[in-house]
Amino acid sequence: MVINKDSMIKTLGAWIDRENANMNNTPLDDAKEIEIYKMGYIRALENLLFAISVNGE
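Residues numbered from 1 in each chain as written. Predicted model: local features only at pLDDT ≥ 70, side-chain atom pairs only at ≥ 80, totals over all residues. Heavy atoms only, no water.

**With respect to the pattern of salt bridges**
What the rule picks out here adds up to one salt bridge. Across the pair Glu46 and Arg43 runs a salt bridge whose closest N-O atoms are separated by 3.5 Å. Of this pair, Glu46 and Arg43 both sit in helix H2 (residues 31-55), three residues apart, which is roughly one turn of that helix. (Salt bridge = Lys/Arg side-chain N within 4 Å of Asp/Glu carboxyl O. Helix = DSSP H or I, 4+ residues; strand = E, 2+ residues; numbered from the N terminus.)

**Let's talk about the environment of Lys10**
Relative to the elements of secondary structure, Lys10 occurs in helix H1 (residues 5-21). Remark: the alpha-carbon pair of Lys10 and Leu49, spanning 39 residues in sequence, is separated by 9.2 Å.

**Remarks on H1**
Compared with the 24 Å implied by 1.5 Å per residue over 17 residues, the 24 Å span of H1 between its first and last C-alpha is a close match. Buried within H1 we find Ser7, Leu12, Ile16 and Glu19. Across the axial projection of H1, the buried residues extend over an arc of 165°, all falling on one side. Every exposed residue of H1 that faces more than 90 degrees away from the buried side is listed here: Asp6, Lys10, Asp17 and Ala21. Residues of H1 that are buried make contact with H2. N-cap assignment for H1: the residue whose side-chain oxygen lies 3.3 Å from the backbone N of Asp6 is Asn4. (Expected span 1.5 Å × (residues − 1). Buried < 20%, exposed > 50% of the residue type's maximum accessible area, 1.4 Å probe, protein only. Arc of directions from axis to C-beta. Contact = heavy atoms within 4.5 Å. Polar contact = N/O pair within 3.5 Å; in protein donor to acceptor, adjacent residues only side chain to side chain.)

**Regarding H2**
Look at H2: 36 Å from first C-alpha to last across 25 residues, which is about the 36 Å you get at 1.5 Å a residue. The set of residues buried in H2 consists of Ile34, Lys38, Ile42, Leu45, Leu49 and Ile52. Buried residues along H2 sit against H1.

**What about the packing of H1 against H2?**
Running from amino to carboxyl end, H1 crosses H2 at an angle of 165°, the nearest separation of the two axes being 10 Å. The pairing of H1 with H2 is recorded here as roughly antiparallel in orientation. With respect to the hand of their crossing, H1 and H2 are arranged in left-handed fashion. In this structure, H1 contributes Lys5, Met8, Ile9, Leu12, Trp15, Ile16, Glu19 and Asn20 to the contact, and H2 contributes Lys38, Tyr41, Ile42, Leu45, Glu46, Leu48, Leu49, Ile52 and Ser53. Of the residues in the contact of H1 with H2, the class split is 11 nonpolar, two polar and four charged. (Axes fitted to C-alpha atoms, helices over the stretch in contact; angles between N-to-C directions. Parallel < 35°, antiparallel > 145°, perpendicular 65-115°, else oblique. Left-handed = near helix turned anticlockwise from the far one by under 90°. Nonpolar A, V, L, I, M, F, W, Y, C, P; charged D, E, K, R; others polar.)

Below, the structure written as structure tokens:
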């Protein structure tokens, strides 16, 4: 696999979609804890996607 801007954007997009779909499959006890963890994690992936989109390779 060649790693470049386009493939990284595509991979991060798929990763974000997968994590959004798996929101309820996290093995934590507290629902609020799950929401905070997952939303922070997804937001970090979205920020990384934005940084790669804007700045390039």
